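Each chain, letter by letter, is given below.
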Number of protein chains: 2
Amino acid sequence: MGKARENSTGTLGKALEVVHIIASSPVPLRFTDVLKLSDQPRGTLHRQISNLIEEGLLDLNRDHSYGLGLRLLELASRAWASNDFRAIAEPHLQRLHEQTGETVHLGVLRGIEVIYLDKVESRQSVRMYSQIGNTAPVYCTGVGKAALSALPDDELQARIAQIAFRRFTASTLPDAKALRQEIEQIRVEGNAYDREEHEADICCVAAPIHANNRHFVAGISVTGPAYRITPEVLQSWAGITRAAAAAIMANMATRLSPRA
Amino acid sequence: MGKARENSTGTLGKALEVVHIIASSPVPLRFTDVLKLSDQPRGTLHRQISNLIEEGLLDLNRDHSYGLGLRLLELASRAWASNDFRAIAEPHLQRLHEQTGETVHLGVLRGIEVIYLDKVESRQSVRMYSQIGNTAPVYCTGVGKAALSALPDDELQARIAQIAFRRFTASTLPDAKALRQEIEQIRVEGNAYDREEHEADICCVAAPIHANNRHFVAGISVTGPAYRITPEVLQSWAGITRAAAAAIMANMATRLSPRA
DNA sequence: CTGCAGTGTTCCATTATTTGGAACTTGATT
DNA sequence: AATCAAGTTCCAAATAATGGAACACTGCAG
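Throughout what follows, the structure given in this document is the object of discussion. Computed from a predicted model, the values in this text were never measured in an experiment. (Residues numbered from 1 in each chain as written. Chains lettered and ligands numbered in written order. Predicted model: local features only at pLDDT ≥ 70, side-chain atom pairs only at ≥ 80, totals over all residues. Heavy atoms only, no water.)

Turning to the sheet that holds strand S5 (residues 113–120) of chain B, a few remarks are in order. All names here are of chain B. Pairing is antiparallel in the open sheet, where 6 strands are placed in the order S6-S5-S4-S9-S8-S7. In the strand order of this sheet, the two ends are held by strand S6 (135–137) and strand S7 (192–195), each with one partner. Between one strand axis and the next, the sheet turns by 30° as a mean value, whatever way the strands run. As paired elements, strand S4 (residues 103–110) and S5 share 7 bridges and run antiparallel to each other. Across the sheet, valine 104 pairs through a bridge with valine 120, a residue of S5. (Pairing = 2+ DSSP bridges. Helix = DSSP H or I, 4+ residues; strand = E, 2+ residues; numbered from the N terminus. Axes fitted to C-alpha atoms, helices over the stretch in contact; angles between N-to-C directions.)

In this assembly, 53 residues from chain B lie in contact with 54 residues from chain A. Across the interface of chain B and chain A, roughly 5100 Å² is buried in total on both sides, 61% from carbon and sulfur atoms. Put simply, chain B and chain A have 2 salt bridges between them. Note that Glu74(A) and Arg110(B) form a salt bridge whose closest N and O atoms lie 2.4 Å from each other. (Contact = heavy atoms within 4.5 Å. Buried area = accessible area lost by both parts, 1.4 Å probe. Salt bridge = Lys/Arg side-chain N within 4 Å of Asp/Glu carboxyl O.)

With respect to spatial proximity, 15 residues lie near DNA strand C, and among them Thr44(A), Arg47(A), Thr32(B), Arg42(B) and His46(B) are the closest. Per the 4 Å cut-off to the protein, sugar and phosphate atoms form 65% of the nearby atoms of DNA strand C. Residue Thr32(B) places a side-chain N or O atom 2.6 Å away from a phosphate oxygen belonging to DNA strand C. Here Arg42(B) contributes a side-chain N or O atom positioned 2.6 Å from a base nitrogen of DNA strand C. If you list the elements that add at least two residues to the surface near DNA strand C, you get helix H3 (42–54) of chain A together with helix H1 (10–24), helix H2 (31–37) and helix H3 (42–54) of chain B. Element by element, the count of residues in the surface near DNA strand C is highest for H3(A), at 4 residues. (Near = heavy atom within 4 Å. Polar contact = N/O pair within 3.5 Å; in protein donor to acceptor, adjacent residues only side chain to side chain.)

With that settled, consider the protein's contact with DNA strand D. Around DNA strand D there are 15 residues in total, and Phe31(A), Thr32(A), Arg42(A), His46(A) and Arg47(B) lie nearest to it. At 3.1 Å, a side-chain N or O of Thr11(A) approaches a phosphate oxygen of DNA strand D. A distance of 2.9 Å is found between a phosphate oxygen of DNA strand D and a side-chain nitrogen or oxygen belonging to His46(A). Counting only elements with at least two residues in the surface near DNA strand D, the list comes to helix H1 (10–24), helix H2 (31–37) and H3 of chain A together with H3 of chain B. With 4 residues, the top contributor of residues to the surface near DNA strand D is H3(B). Partitioning the surface near DNA strand D into residue classes produces 2 nonpolar, 9 polar and 4 charged. (Nonpolar A, V, L, I, M, F, W, Y, C, P; charged D, E, K, R; others polar.)

This part is about helix H4 (residues 70–81) of chain A. For an α-helix, the turn length of 3.6 residues means that residues three or four places apart are oriented alike. All names here are of chain A. Taking 1.5 Å per residue, 12 residues should reach 16 Å; H4 reaches 17 Å between its end C-alpha atoms and fits that length. Among the 12 residues in H4, 10 count as buried, and that is most of the element. Among the residues of H4, those classed as buried are Leu70, Arg71, Leu72, Leu73, Glu74, Leu75, Ala76, Ser77, Ala79 and Trp80. (Expected span 1.5 Å × (residues − 1). Buried < 20%, exposed > 50% of the residue type's maximum accessible area, 1.4 Å probe, protein only.)

Per the stated rule, a full pass over the model turns up 6 aromatic pairs over all chains. Look at Phe85(B) and Phe216(B): their rings are 4.9 Å apart centre to centre, the planes differ by 80°, and that puts the pair in the edge-to-face class. Here the residue Phe85(B) occupies a position in helix H5 (residues 84–100), and Phe216(B) occupies one in the loop between strand S8 (202–210) and strand S9 (217–225), the gap between them amounting to 131 residues. Consider the rings of Tyr139(B) and Phe168(B), whose centres lie 6.4 Å apart with planes at 35°: the pair is tilted. With a gap of 29 residues between them, Tyr139(B) in the loop between S6 and helix H6 (142–149) and Phe168(B) in the loop between helix H7 (153–162) and helix H8 (176–189) connect regions that are remote in the sequence. What links up through ring pairs into an aromatic cluster is the set Tyr139(A), Phe165(A) and Phe168(A). One Lys or Arg, Arg195(B), reaches over the ring of Tyr193(B) and ends 4.5 Å from the middle of that ring. (Phe/Tyr/Trp six-rings, centres within 6.5 Å; stacked < 30°, edge-to-face > 60°. Lys NZ or Arg CZ within 6 Å of the ring centre and 35° of its normal.)

Below, the structure written as structure tokens:
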């Protein structure tokens, strides 16, 4: 199982590495656990963690395990609220949801992951806020593949080269070749699909969004359970999904970058 | 007149101060704007911001203004998902919502602010995720006053002393004396109320939650529009709100701190 | 076209902070 | 009471941050 990353850019980078270690662990970590996962000496790590706790980025539980601090929630709340792209997309997501009755996602590409920025769903009873802020691999999500398809070729190759393909389900794309092939298809059709490639029984249709210069790419998707959403139904949403994406891009052009 | 901000504990603290400046601004800031708001030399600030962007905590927009980075969303998403207290409270919030039909909040005390950890509401059409991660002053929210009432006296006095009272509405508590008086009342009754003290037309009934040692205090509330929720109705929810808080505390005792 | 002003970016000797090893404390377990 | 592991503190040495000033870029006005 992987050690940490090699991104130790200055003090800040190291501090965030510690946060990342704690964020990534499925199980609560105590001091020595973190010590083993990081490659820092005891004294150093201890001071780092103390600082992080002081700043509210980490919390010290009573059993001496560490958790993420509430300061993060506060900052994220503002990050979300002040995100122009999300604000522009919101009404279009809403409309797409009304047209389909299924869950609609907005995600942006970050490295070789998709991070979900917004979500509109009908039944709130289950896991209301679960998706926003979550990340998923590009190569097995509709939004991810849609976003990739909007990248310039050189960028695309660079990103694909970094991916470590892992099989989530029987239909997960197995390697770079299959992914490249599918990207070509998406570029022609204008839509990406996820047919139970990440989670069993979950499928979606997606469409790409990009800024003029294609340095910023994102995607939207309509998602539903495979037992209810047949391939034909999915297909039938392709057009309105593309239309919603186009509408968002049109709004971006006018409301962002007043001096294009 | 207090000193300016003295929260500059090390490099990390300064970096977060920059993040805070950008998070707090209602309007996008460019480099020189931040420079004016921070008291750091140009070169230093520039490197700090560069590092923060590198780490994903800030974003550089194309018009050279800065925004909060998506890394924050990712971390916050995990912070929220892995928060034991929130997970324990969740079903109780749900039940309280079913009993009242109104919006239910869970908030914890942090300094002299309340930070909202969770929310269950009926109509999702408006501003779904708006509340979680938001902060509000203790002295004019039901959850805040409830949480305060659970603090030991010395802690209570210390916190109250830090508050700068500001009038949000006609019924906002005006000063420390009024607040102390109300806290006494809450301690006797077991419930706190907010009668349009923060926002016009918003009122709520709340109940305190605390860990055994009272170093951790929080609160839950049932909130609704004043035009629909009469004082009598509000009063009628006091009991079930207290009951929900009690149930959460009972669960905390068994599920947290396995080695009390 | 040229100079000007406002912004953003880079450089590097000085300075202050972080580092890391070891010693110390705590508190559970035998 | 002794032992061991986990957590905390300390300080000289190493390293990273600082901050002042110079450099570049951009649009604007003469």
